[in-house]
Amino acid sequence: MRSLVALFLIFLVYHAWFLPGALSSGDWPYLFLENIQEFSFLPDPHSLWLGAYYQIPTKILVQYLGISWEVVERLLWFWPFLLLSIFSSYHLTKSWIGVLVYTTNTYILMVVSGGQMGIAMAYAIAPFILKKFMDFANSNLFLIQSKKIFRESIVLGLILAVLTMFDPRIAYIFMIAVVIYASFTIVSTRSSFSHITHFATSIFIVPVGMAALLNSYWIIPLLFGNLSQKYEGLSSIAGFEFLSFTDFSHAFSLLHSNWPENIFGKVYFLQPEFLIIPILGYSALFFVQKDRKVLYFAFLILVGAFLAKGTNQPFGEINKLIFENIPGMNMFRDASKFYLLIALGYSFLISFSLKNISKKIPFGKLIPLIFVLFWCILIRQAIFGELGGTFKSRSIPDEYIELKRYLISQPQYSSSLWIPSRQRFGFSSNLHPGISASDILGSSDPLRMAKVISNDKDKTVYNKLKEMKIEQIIVPYDSDKELFILDRKYSDPLRDKVVTQLDKIEWLIKIPRFSENAIYRVQ
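The model shown is predicted, which means the values in this text are computed figures rather than measured ones. (Residues numbered from 1 in each chain as written. Predicted model: local features only at pLDDT ≥ 70, side-chain atom pairs only at ≥ 80, totals over all residues. Heavy atoms only, no water.)

Remarks on the overall build of the chain
- Scanning the chain from terminus to terminus reveals 25 helices and seven strands.
- Relative to the compact-globule value of 24 Å for 523 residues, the chain shows a C-alpha radius of gyration of 25 Å, a close match.
- Overall, the chain is about 80 × 50 × 50 Å in size when its C-alpha atoms are taken along their principal axes.
- By residue count, 53% of the 523 residues in the chain fall in the buried class.
- Taking contacts inside the chain between residues at least 6 apart in sequence as the whole, the part at least 24 apart equals 71%.
- Split by element, the accessible area of the chain, about 24,200 Å² in all, is 63% carbon and sulfur.
- Here the chain carries 47 positive and 37 negative side-chain charges, and the mean point of each set is 10 Å from the other. (Helix = DSSP H or I, 4+ residues; strand = E, 2+ residues; numbered from the N terminus. Rg over C-alpha atoms; globule rule 2.2 N^0.38 Å. Buried < 20%, exposed > 50% of the residue type's maximum accessible area, 1.4 Å probe, protein only. Contact = heavy atoms within 4.5 Å. Areas by Shrake-Rupley, 256 points an atom, 1.4 Å probe, with all protein chains shown as cover. Lys, Arg positive; Asp, Glu negative; His and termini not counted. Charge placed at Lys NZ, Arg CZ, Asp CG, Glu CD.)

What follows is the structure, encoded as structure tokens:
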């Protein structure tokens, strides 16, 4: 019965993924057939860790088997995320309460809403792999044949490689969880130095080495190729401070700072009802007895909450020192990814607490039901279908289908400048790349961009556009209301002002073929 209730609520939250239409939102793209035809059967280093899984299966299914992208994105990403999250979290917690907490907490709902499906897939398999590492850590302390230990280490390395392929930052955080558990195990068993060395090799060095080897196709170009220059500016302390939106209270309560609207930079006040989560979770300490797993997950939550808060107080300076001095930590400009540790911890602790509380009080069998009702209140926006992003399937506007036809009808190379940036359904290919004006005009304000172009008396901008072979400037039809934003709200008058500015430019000829998109040919 509990399993049916949990699965029903999970389906209710994610039901939009089973409706027709595209799920493109945030970081998740929409791919036309022409885009997929450009994919290679060799992993593209420019796609980094997702190249192998993102490109090759998509090319086979869409280009050769004729399955639509709208179906393939679900088959490869959204539905596997759901199935893996359910199976994986149950494997760790052995509780449907744990499954519900792990698959529908505010952190992962905001991640998938924003289309960060690489992170989501890594998140989905993390509990399963953590359980494998924990079981191995426990068994490795007994007398086992060396060959079996090495074989198990290789298996761990293979599954860690899959996790790393989906997102190496999540893999890095995952290994923090492994190191902490290994430390708990070593301390509790008082192992000898030689045993510790052997233990560290089998549970850490061999799996990490195997994962790095299997992901070398993107690691080597990233570290030593041209790609290293592209990403070297993404690890600044200024960026870390700017993106530290989460405070300790939000993280400790498993409440995403952008819940529920998921608007970048818009941080909501702490909702007091979420404080029940740490109270329930840490109630497990009253039933701990000799189970070190409870102590481990309780400590894991504290570590995750401390790191997820970024440079915010308390002890924000320590987080800065960690970011600057510990290898790999500069990958986390957005420290919210450490919510993974918090989600792992509470999915185990809450289910453990409720199980034990229900044994201690009269009518204890009602405790799980009461919690489920409480959880529905916490995530009520998801239950009632009020979340945006990938939780709203959408159809492609006819205007963008027509725009694609117009662009691919041009046989020669030509690029398009999009003001302020390319709309998610705007076509872009190797022959007809779409360039966001924000990337070349040094501004995020669409009206300022238009004024820079219209006030180009010495033709500096014009010459630059010609040099870049930009044949048209596009002011997109903002069907998703995410480009022309004023005071964090969509503004149609702002777009109208941009069009008015461009209409004044003599060397731009407006193409009347389109009614929604404003497209100008550069003379």
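Observations concerning a nonpolar patch on the surface
- A cluster of nonpolar side chains, Phe363, Leu366, Leu369, Ile370 and Leu373, forms an exposed patch at the surface whose accessible area comes to about 560 Å².
- Note on placement: Leu366 falls in the loop between α18 (339-360) and α19 (367-378). (Patch = residues over 30% accessible without salt bridge, like charges linked within 9 Å, V, L, I, M, F, W, Y side chains within 5 Å. Salt bridge = Lys/Arg side-chain N within 4 Å of Asp/Glu carboxyl O.)

Observations concerning the packing of helix α10 (residues 193-214) against helix α11 (residues 216-224)
- Axis separation between α10 and α11 bottoms out at 5 Å; the angle between their running directions is 80°. Classified by the angle between their axes, α10 and α11 sit roughly perpendicular to one another. For the pair α10 and α11, contact is made by Ala212, Leu213 and Leu214 and by Ser216, Tyr217 and Ile219, respectively.
- Looking at the contact of α10 with α11 residue by residue, the classes come out as five nonpolar, one polar and no charged. (Axes fitted to C-alpha atoms, helices over the stretch in contact; angles between N-to-C directions. Parallel < 35°, antiparallel > 145°, perpendicular 65-115°, else oblique. Nonpolar A, V, L, I, M, F, W, Y, C, P; charged D, E, K, R; others polar.)

Section: the nonpolar core
- Grouped together as the largest cluster of nonpolar side chains are 137 residues, with contacts concentrated most on Tyr14, Trp77, Phe81 and Phe174.
- Broken down by element, this core gets its largest block of residues, 15 residues, from helix α7 (residues 117-139).
- Excluding residues that lie within four positions of it along the chain, Phe81 makes contacts with Tyr14, Trp17, Ile108, Val112, Met117, Ala120, Met121, Tyr123 and Ala124. (Core = buried A, V, L, I, M, F, W, Y, C linked by side-chain atoms within 4.5 Å.)

Digging into the environment of Arg424
- Relative to the assigned elements, Arg424 resides in the loop between β1 (415-418) and β2 (434-436).
- Setting aside its immediate chain neighbours within four residues, Arg424 contacts Ser24, Ser25, Gly26, Trp28, Tyr30, Asp480 and Glu482.
- From its side chain, Arg424 meets the backbone oxygen of Gly26 in a polar contact 3.3 Å long.
- A polar contact is formed between the side chain of Arg424 and the backbone oxygen of Trp28, at a distance of 3.3 Å. (Polar contact = N/O pair within 3.5 Å; in protein donor to acceptor, adjacent residues only side chain to side chain.)

A look at the side chain of Arg394
- Within the secondary structure, Arg394 is located in the loop between α20 (380-383) and α21 (398-408).
- Within the local environment of Arg394, its side chain forms a polar contact with the backbone oxygen of Lys392, the two atoms lying 2.9 Å apart.
- Setting aside chain neighbours within four positions, we find Arg394 in contact with Gly21, Ala22, Ser24, Ser25, Gly389, Phe425 and Asp480.

So, α10
- Its 22 residues place the ends of α10 30 Å apart at the C-alpha level, agreeing with the 32 Å of an ideal helix rising 1.5 Å per residue.
- Maximal helix bending in α10 amounts to about 40°, located at Thr201.
- Of the positions making up α10, those classed as buried are Phe199, Ser202, Ile203, Val206, Pro207, Met210 and Ala211. (Expected span 1.5 Å × (residues − 1). Bend = angle between axes of the 7 residues up to and from the residue.)

Brief notes about empty space enclosed by the protein
- The tally for this structure, following the rule as stated, stands at one cavity of 30 Å³ or more.
- Considered as a void within the structure, the largest cavity measures approximately 60 Å³ in volume.
- Together, Phe240, Leu307, Asn319, Ile322, Phe323, Met329, Phe332, Ala335 and Phe338 line the largest cavity.
- For the lining of the largest cavity, the element with the highest residue contribution is helix α17 (residues 316-325), accounting for three residues.
- Tallied by class, residues from the lining of the largest cavity come to eight nonpolar, one polar and no charged. (1 Å grid on protein atoms, 1.4 Å probe; cavity = no way out; pocket = protein on both sides within 12 Å on 5 of 7 lines; lining within 4 Å. Points joined across faces, edges and corners; volume = space filled by probe spheres on them.)

Quick look at the side chain of Asn35
- Mapped onto the fold, Asn35 is located in helix α2 (residues 33-37).
- Residue classification places Asn35 among the buried residues on the basis of a relative accessible area of 10%.
- One polar contact links the side chain of Asn35 to the main-chain carbonyl oxygen of Ser428, over a distance of 2.6 Å.
- Those residues in contact with Asn35 that lie beyond four places of it in its chain are Tyr30, Phe427, Ser428 and Ser429.

Some points on the sheet that holds strand β6 (residues 508-510)
- One open sheet accounts for five strands, arranged β2-β1-β3-β7-β6; its pairing is mixed. A strand with exactly one partner marks an edge of an open sheet, and here the two such strands are β2 and β6. Direction aside, neighbouring strands of the sheet carry axes that sit 30° apart on average.
- Relative to strand β7 (residues 518-522), β6 runs antiparallel, the two sharing three bridges. Looking at the pairing, Leu508 lines up with Val522 of β7. (Pairing = 2+ DSSP bridges.)

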